Amino acid sequence: MNASDRTPADLLRSALAADPARPFVTFYDDATGERVELSVATFANWVAKTANLLQGELSAEPGDRLALLLPAHWQTAVWLLACSSVGVTVEIGGDPADADLVVAGPDTLEAGLACSGERIALSLAPLGRRFPVAPAGYADYAVEVPSQGDRFAPFVPVDPGAPALVVDGTERDGAGLVERAHADAATLGLTVGSRLLSGLGYGDWEGLSAGLYAPLAAGASVVLCRNLDRLAPEGLEKRVESERVTHSAL
């Protein structure tokens, strides 16, 4: 990665410039049998579309706070990088009543209604499917995002010193987040081309770092596993082999 990278969005741009075709996120849901693999280019395209949705349709701007009520999932990772692209502060599991926007999944829709601002719902169904009917009070992400542009440019440059993420009661700015991601990547032993399997959730920094930020900072990739406790030990061994996993965070 480049020494000039000051935000997570910068890290993604550097990854895209270095090798757009390489796998970046391979997602498994062992409750549904879903497997999705996204290259750096495909992931970045989702991020650009989501950032355009945020900035354009939802009128989000730097300094706004978004309550992210989603589990560890490839679409959650997309939202994290999209918010970084716009300059929106993400609060993991934040109080919707205090947020400017909320992004909720099937299990958190009721809680998200406390937000008086824009509300986006994700079905988290395989293949990114939409809800049969959009939940009351929400716009369906799968309906709104496909028509968004494939390239993104912020209306206002993102300040690396501005708050970017709140998790575990700790607020981190973009530059601090990048610095910590690099440090974690070194601690985990990640280098360019490493494949990290993570079964951790996104509810704390350890899970967010292993499941997104540290691999991104290292030029590595992540095999992100949701509901890994549903997988038998021999199934995990087979996955490690088939996905060419080099490091694990369980």
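> How do you make sense of helix H8 (residues 233-242) when you look at a structure like this?
Structurally, the α-helix is built with 3.6 residues per turn, so residues lying three or four positions apart point the same way. The element H8 is barely covered by neighbouring structure, given that only one of its 10 residues are classed as buried. One or two positions beyond H8, positive phi appears at Arg244, with a value near 55°.

> Just checking my understanding: could you explain the nonpolar core for this structure?
Soluble globular proteins tend to pack their nonpolar side chains together in the buried interior. Grouped together as the largest cluster of nonpolar side chains are 55 residues, with contacts concentrated most on Phe43, Leu54, Trp79, Leu80 and Leu165. When near neighbours in sequence (up to four residues on either side) are disregarded, Leu165 contacts Leu80, Thr89, Val90, Ile92, Thr170, Glu171, Arg172, Leu177, Trp205, Leu208 and Tyr213.

> I would appreciate a short explanation of the packing of helix H6 (residues 174-188) against helix H7 (residues 205-218) in the present structure.
Packed helices, taken two at a time, are described by the angle between their axes plus the distance between the axes. Relative to each other, H6 and H7 sit at 90°, their axes nearing to 8 Å. In this view, H6 runs roughly perpendicular relative to H7, as classed from their interaxial angle. Seen from H6, the contacting residues are Leu177, Arg180, Ala181, His182, Asp184, Ala185 and Leu188; seen from H7, they are Trp205, Ser209, Tyr213, Ala214, Ala217 and Ala218.

> What am I meant to see in the sheet that holds strand S1 (residues 23-29) here?
Here we have five strands laid out as an open sheet, ordered S2-S1-S11-S10-S12, and mixed in their pairing. Edge positions in the sheet fall to strand S2 (34-39) and strand S12 (247-249), since each has one partner strand and no second. On average, each strand axis in the sheet is tilted by 15° relative to the strand beside it, whichever way the strands run. Lying on the sheet, helix H2 (residues 40-57) is in contact with S1 and S2; it crosses S2 at an angle near 95°.

> I'm lost on the sheet that holds strand S3 (residues 65-69) in this one. Help?
Neighbouring strands of a sheet are bound in pairs by backbone hydrogen bonds; such pairs are parallel or else antiparallel. Strand order in the open sheet made by the seven strands is S7-S6-S5-S3-S4-S8-S9, with mixed pairing throughout. The sheet is open, and its two edges are formed by strand S7 (139-140) and strand S9 (170-173), each paired on a single side. Inspection of the sheet shows strand S5 (residues 101-104) paired to strand S6 (residues 118-121) by four bridges, in the parallel sense. In the strand pairing of S6, Val102 is matched with Arg119. Helix H3 (residues 74-86) rests against S3, strand S4 (89-92), S5, S6 and strand S8 (163-167) of the sheet, and its axis sits at about 170° to S3.

Calculation criteria
Residues numbered from 1 in each chain as written. Predicted model: local features only at pLDDT ≥ 70, side-chain atom pairs only at ≥ 80, totals over all residues. Heavy atoms only, no water. Buried < 20%, exposed > 50% of the residue type's maximum accessible area, 1.4 Å probe, protein only. Helix = DSSP H or I, 4+ residues; strand = E, 2+ residues; numbered from the N terminus. Core = buried A, V, L, I, M, F, W, Y, C linked by side-chain atoms within 4.5 Å. Contact = heavy atoms within 4.5 Å. Axes fitted to C-alpha atoms, helices over the stretch in contact; angles between N-to-C directions. Parallel < 35°, antiparallel > 145°, perpendicular 65-115°, else oblique. Pairing = 2+ DSSP bridges.

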